[in-house]
Amino acid sequence: MKSLTEQEIRAAFVNCSKGEAKRLSVPRDLADRPWDDLDFLGWRDPQAPDRAYLVAEEDGRARALVLRSTGAGSWQTRRSMCSMCLTLHTGGVSLMVAPKAGRAGQQGNSVGAYICSDLACSLYVRGKKDAGVGARLQESLTLEEKIQRTVANVAAFITKVIA
């Protein structure tokens with residue numbers, strides 16, 4: 001993923017108003033992010049732990065989503081799989097819900113997916129972050145194929161939000 005500026009990120013949001021995009025928390029350490037290892041940029045809002053954000057490139061254009069995550073519950077002690085990168089976690093996967101873009105979102109429609117709670121899917125796929133013993137399933141896919149699968153899963157999620 002190419003590095004993005006705060007202005008590019010704010011302009012990329014598709015499922016919130018321009019005013020909301022202007023007010024949301026963008027990471028201050030954008031220059032320090034491992035952009036070459038990211039398939040998408042994801043972060044949690046430090047001021048609102050139930051809010052998260054995801055920015056991905058699609059056809060050379062950045063698209064960003066506002067997400068809400070579920071609160072912590074007893075189910076988080078179970079082993080769950082991220083639907084984006086297929087990493088298994090014990091308590092490290094959250095249901096992330098994105099309001100649909102446009103009129104559908106204004107009417108309360110949303111799309112959800114189980115995603116790594118820290119939104120570090122790209123780093124788990126590349127082995128740069130460890131989710132623990134047995135977190136990565138034994139697969140015959142190459143690293144490049146796993147990356148392509150993750151990118152495709154993120155793109156499909158964004159498409160559902162925009163549709």
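Everything quoted here is computed from the prediction, not taken from an experiment.

## Some details on the environment of V154
Its location among the elements puts V154 in helix 5 (residues 143–162). Distance from V154 to G112, taken between C-alpha atoms, is 12 Å for residues 42 residues apart in sequence. The residues contacting V154, other than those within four sequence positions of it, are F40, L54, A56 and M84.

## Some words on the pairing of strand 1 (residues 40–45)
Most of strand 1 is tucked away: 5 of the 6 residues are buried. The pairing of strand 1 with strand 2 (residues 48–58) spans 6 bridges and is antiparallel. Bridged to G42 within strand 2 is L54. Between strand 1 and strand 2, which pair antiparallel and follow one another directly, the connecting turn spans 2 residues.

## A closer look at the pairing of strand 2
Bridge analysis of strand 2 against strand 3 (residues 61–69) gives 8 bridges, and the strand direction is antiparallel. From the neighbouring strand, E58 faces strand 3, where its bridge partner is R61. Here strand 2 folds back onto strand 3, and the loop between the two strands holds 2 residues, one of which, D59, carries a positive phi near 55°.

## Describing the side chain of R126
On the secondary structure map, R126 appears in the loop between helix 4 (121–125) and helix 5. A relative accessible area of 18% means that R126 is categorised as buried. A distance of 3.1 Å separates a polar atom in the side chain of R126 from the backbone oxygen of D37. Setting aside chain neighbours within four positions, we find R126 in contact with D36, D37, D39, L143 and I147.

## Quick notes on helix 5
Look at helix 5: 29 Å from first C-alpha to last across 20 residues, which is about the 28 Å you get at 1.5 Å a residue. For helix 5, every residue scored as buried is listed here: K146, I147, R149, T150, V154, F157, I158 and V161. Contact partners of the buried residues in helix 5: strand 1, strand 2, strand 3, strand 6 (93–99), strand 7 (110–116) and helix 4.

The rules behind the values
- Residues numbered from 1 in each chain as written.
- Predicted model: local features only at pLDDT ≥ 70, side-chain atom pairs only at ≥ 80, totals over all residues.
- Heavy atoms only, no water.
- Helix = DSSP H or I, 4+ residues; strand = E, 2+ residues; numbered from the N terminus.
- Contact = heavy atoms within 4.5 Å.
- Buried < 20%, exposed > 50% of the residue type's maximum accessible area, 1.4 Å probe, protein only.
- Pairing = 2+ DSSP bridges.
- Polar contact = N/O pair within 3.5 Å; in protein donor to acceptor, adjacent residues only side chain to side chain.
- Expected span 1.5 Å × (residues − 1).

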